[in-house]
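These are the residues of each chain, in order.
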Amino acid sequence: MGITLKLNGIKKFVRDDELSKIEPMVKTASELLYSGKGAGNDFIGWVNLPFEYDKEEFERMKAAAKKIQSNSQVLVVIGIGGSYLGGRAALDFIKGSNYNNKKHPGFPDVYFVGNSISSDYLSDIIEMIGDRDFSINVISKSGTTTEPAIAFRIFKKMIEDKYGKEGAKERIFATTDKARGALKSLADKEGYETFVITDDIGGRFSVLTPVGILLMAAAGIDVDEVMKGAQDAANQYKNDDLANNDCLKYAALRNILYRKGKGIEILANYEPSLTMFGEWYKQLYAESEGKDQKGIFPVSANFSTDLHSIGQFIQDGSRNLFETVLWVDKAKKDIVIEADEENLDGLNFLADKSIQFVNSKAYGGTFLAHVDGGVPTMVIEIEKADAYHFGQLVYFFEKALAISGYMLGVNPFDQPGVEAYKKNMFALLGKPGYEEQKAELEARLEN
């Protein structure tokens, strides 16, 4: 396995006997998950997904990706939340955060829209597309979620104006419900090729489904390697032996630290290409655990950048947090620092050292400082940031989350709290059916 959990940074905070005492809870949680008897068991299709995914649909996605590569310089991906975060995390993790700024002949730039309600942002994307040929992958279970629905309305008109309805239907790919919903109805009517968001996998667990796979394939990512990594992780982490299962150990230690008053987890990384992985992790853990006035609040940090902003708080602020560091051992491309005759910056002591070497010492120095400052720190070491390890890492975090959620005593697979803001927004916008609430909410805002 190319993923290793390192625990030197929590030895002074968690005793060995605490792990042994919590092991029965871990085994119970694991049994609930694999037996399908736990809360939210209608949404555990992701557990066996690496082996049971639709192989025919997988091949259709590869073919669609080839089609996009052949006729489009841009792929516009429309979605929000789980319909966007995982795919974007994969693109950055594997191809780098500057993918669209690099030359990649034969593969389209990938722009993400429908993840906010910003006129300026949409206008910028439209301007960047310019007169280039483009395709659309619209991702929505229902087709009526406000942010992507607005974006799709705009880009659907653009693509139809550019290519006509017949041409547009060859360039619009809908990832949606198998049988119902506004987007599915439209796709059937217009003749768009469709891919399925299955009923038994929630959005935040969907990155290894067509939600993420199509855009990965279009960008030239080896999706077979992604699934191979997930398969190996699923096999590796299926046992319930806490001593020999890093995934279960991570879940258990999070819960032990939570019981000690550590209510905030910082997922830190040392690679800008992992920034969006942190955003995906935040949704996965916040929507899954934040219920019944319980849960660990997930945040992400990008080191060494954020050491110059929030580093002071992590080092000396409230001791209600712990840290999980994602460390990538091998850089895709490394640069060696050369000697400078004048040495005005005083860096000649680093001559002939690689930047990855310097980054590793920043990581090591920060790790020691934070542990000494009272921050329990776990490290998840990844051999390299490629397709295989992305699949592994996704499955690791999904499985750990399910175990952690059951140990916490919540349903890890629902998200009842996300509807409150939507109802208020619809009322304020004057959506039919919300008229009674509109005046009351407007008055509250005024006061």
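What comes next concerns the included structure. (Residues numbered from 1 in each chain as written. Predicted model: local features only at pLDDT ≥ 70, side-chain atom pairs only at ≥ 80, totals over all residues. Heavy atoms only, no water.)

Turning next to the packing of helix α1 (residues 16-35) against helix α10 (residues 246-259). In the contact formed by α1 and α10, the axes pass within 10 Å of each other and the chain directions differ by 110°. The angle between the axes of α1 and α10 places the two elements in the roughly perpendicular class. As for how α1 packs across α10, the hand of that crossing is right-handed. Side by side, α1 and α10 meet where Glu18, Leu19, Ile22, Met25 and Val26 of the first sit next to Leu248, Lys249, Ala252, Leu253, Asn255, Ile256 and Arg259 of the second. Classifying every residue of the contact of α1 with α10 gives eight nonpolar, one polar and three charged. (Axes fitted to C-alpha atoms, helices over the stretch in contact; angles between N-to-C directions. Helix = DSSP H or I, 4+ residues; strand = E, 2+ residues; numbered from the N terminus. Parallel < 35°, antiparallel > 145°, perpendicular 65-115°, else oblique. Left-handed = near helix turned anticlockwise from the far one by under 90°. Contact = heavy atoms within 4.5 Å. Nonpolar A, V, L, I, M, F, W, Y, C, P; charged D, E, K, R; others polar.)

Another aspect to go through is the nonpolar core. One finds Trp46, Phe277, Trp280, Phe390 and Phe397 to be the most contacted residues of the largest nonpolar core, which totals 110 residues. Residues within four places of tryptophan 46 in sequence aside, it is in contact with Leu33, Asp200, Ile201, Phe205, Tyr395, Glu398, Lys399, Ala402 and Phe413. Val74, Ile159, Ala168 and Tyr192 belong to the second-largest nonpolar core, a separate cluster that totals 21 residues. (Core = buried A, V, L, I, M, F, W, Y, C linked by side-chain atoms within 4.5 Å. Buried < 20%, exposed > 50% of the residue type's maximum accessible area, 1.4 Å probe, protein only.)

On to helix α5 (residues 119-129). Buried residues of α5: Leu122, Ile125 and Ile129, and no others. An end-on view of α5 places all buried positions within 60° of arc, on one side of the element. For α5, the exposed residues set more than 90 degrees away from the buried face come down to Ser119, Asp120 and Glu127. Taken together, the buried residues of α5 touch β2 (74-78), β3 (109-113), β4 (134-139) and α6 (146-169). Of the residues one or two after α5, glycine 130 is the one with positive phi, at around 60°. (Arc of directions from axis to C-beta.)

Bringing the pairing of strand β10 (residues 377-384) into the picture now. Across the eight residues of β10, six count as buried, placing the element largely inside the fold. Relative to β10, strand β1 (residues 3-6) runs antiparallel, the two being bridged by four bridges. The residue bridging lysine 6 from the neighbouring strand is valine 379, located in β10. Looking at chain direction, strand β9 (residues 321-330) and β10 are connected through seven bridges and run parallel. For tryptophan 327, the partnering residue across the bridge sits in β10 and is glutamate 381. Chirality of the crossover, the property in question, places the unit of β9, helix α13 (residues 355-372) and β10 among those that are right-handed. (Pairing = 2+ DSSP bridges. Right-handed = clockwise from strand over helix to strand, strands pointing away.)

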